[in-house]
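Single-letter residue listing:
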Amino acid sequence: MIAQTPFSRRSIAAAAQARAQGARSVVITDSAACPALSGASVGFVTAADGPPFFASHAATIVLIEALITALLAEAGEEGQSRLAAVEATQRRLGAYWTP
């Protein structure tokens, strides 16, 4: 889950529901005070400082890309094959725009 200040009531409720059902969760937030962190299996706090009135999502996106890269590396050849199969299905179903 990604929860940035101000925290959405629905996001916090979803995190609590997942915890209550025994699900493992990853929370990425811009504040150590995020209520969803208390029940997270893994929590990350990223910087979100940007120009006045605008939060930056750059650090969060970089973290997500790093996590995906690490998970794919851990999954090895099987993970690469599964990802390729998903991509092929998406293309076959016309999920991607082509000019």
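Residues numbered from 1 in each chain as written. Predicted model: local features only at pLDDT ≥ 70, side-chain atom pairs only at ≥ 80, totals over all residues. Heavy atoms only, no water.

A.B. asks: Honestly, the overall build of the protein in this entry has me stumped. Any pointers?
C.D. replies: Helix and strand content of the protein: two helices and three strands. The linear arrangement of helices and strands in the protein, starting from the amino end, is β-α-β-β-α. The C-alpha atoms of the protein give 17 Å as radius of gyration, which overshoots the globular expectation for 99 residues (13 Å, by more than 25%). Based on the C-alpha atoms only, the size of the protein along its principal axes is roughly 40 × 35 × 25 Å. (Helix = DSSP H or I, 4+ residues; strand = E, 2+ residues; numbered from the N terminus. Rg over C-alpha atoms; globule rule 2.2 N^0.38 Å.)

A.B. asks: What am I meant to see in the pairing of strand β2 (residues 26–29) here?
C.D. replies: Each regular strand carries side chains that alternate between the two faces of the sheet. Of the pairings in the sheet, the one linking strand β1 (residues 2–3) to β2 comprises two bridges and is parallel in character. Each residue of the ladder has a partner; that of alanine 3, found in β2, is threonine 29. Alignment of β2 against strand β3 (residues 42–45), held across four bridges, turns out to be parallel. Of the residues in β3, the one forming a bridge with valine 27 is glycine 43. (Pairing = 2+ DSSP bridges.)

A.B. asks: Which parts of the structure should I look at to understand the side chain of threonine 29?
C.D. replies: Counting through the fold element by element, threonine 29 comes out in strand β2. Engagement of the side chain of threonine 29 in a polar contact is seen with the backbone nitrogen of serine 31, the distance being 3.4 Å. Every residue in contact with threonine 29, bar those within four places of it in the chain, is listed here: Ala3, Phe7, Cys34, Leu37, Phe44, Val45 and Thr46. (Polar contact = N/O pair within 3.5 Å; in protein donor to acceptor, adjacent residues only side chain to side chain. Contact = heavy atoms within 4.5 Å.)

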